[in-house]
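Descriptive structure summary
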Amino acid sequence: MQRNALTLHRDALALQRDALTLHQDALALQRDALTLHRDALALQGNTLTLYWDALALQDIAKFNLLRINEMLY
């Protein structure tokens, strides 16, 4: 009977170690996901900056085109 209890106790400890390992893996994956999320937000910010720059350049191009047309006519 004691041998069975000892075997069960060892099995329980092994399961606890496995559960702890899985928990650590889950935490590492969660950290990776947060890093990816932060990177995605940074890229989104860069995209918005590029968009605003493109709009500004478009306005400059329109203005320059109007000036060129005025000079030609």
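With that out of the way, let us pick up the overall build of the protein chain. Assigned secondary structure in the protein chain consists of one helix and zero strands. At 31 Å, the protein chain has a C-alpha radius of gyration far larger than the 11 Å of a compact globule built from 73 residues. Once the C-alpha set of the protein chain is aligned to its principal axes, its extents read approximately 105 × 10 × 5 Å. Taken over 73 residues, the protein chain has a buried fraction of 0%. Accessible area for the protein chain stands at about 7,100 Å²; split by element, carbon and sulfur atoms hold 65% of it.

Attention shifts here to a nonpolar patch on the surface. Among the surface-exposed residues, L48, Y51 and W52 lie close enough to one another that they form a single nonpolar patch of about 370 Å² accessible area. Turning to its location among the elements, L48 is positioned in helix α1 (residues 2–72).

Describing an aromatic ring pair means giving the distance of the ring centres and the angle of the ring planes. Per the stated rule, a full pass over the model turns up one aromatic pair. Between Y51 and W52, the aromatic rings sit 5.7 Å apart at their centres with planes inclined by 65°, giving edge-to-face as the arrangement. A relative accessible area of 56% means that W52 is categorised as exposed.

Basis of the calculations
Residues numbered from 1 in each chain as written. Predicted model: local features only at pLDDT ≥ 70, side-chain atom pairs only at ≥ 80, totals over all residues. Heavy atoms only, no water. Helix = DSSP H or I, 4+ residues; strand = E, 2+ residues; numbered from the N terminus. Rg over C-alpha atoms; globule rule 2.2 N^0.38 Å. Buried < 20%, exposed > 50% of the residue type's maximum accessible area, 1.4 Å probe, protein only. Areas by Shrake-Rupley, 256 points an atom, 1.4 Å probe, with all protein chains shown as cover. Patch = residues over 30% accessible without salt bridge, like charges linked within 9 Å, V, L, I, M, F, W, Y side chains within 5 Å. Salt bridge = Lys/Arg side-chain N within 4 Å of Asp/Glu carboxyl O. Phe/Tyr/Trp six-rings, centres within 6.5 Å; stacked < 30°, edge-to-face > 60°.

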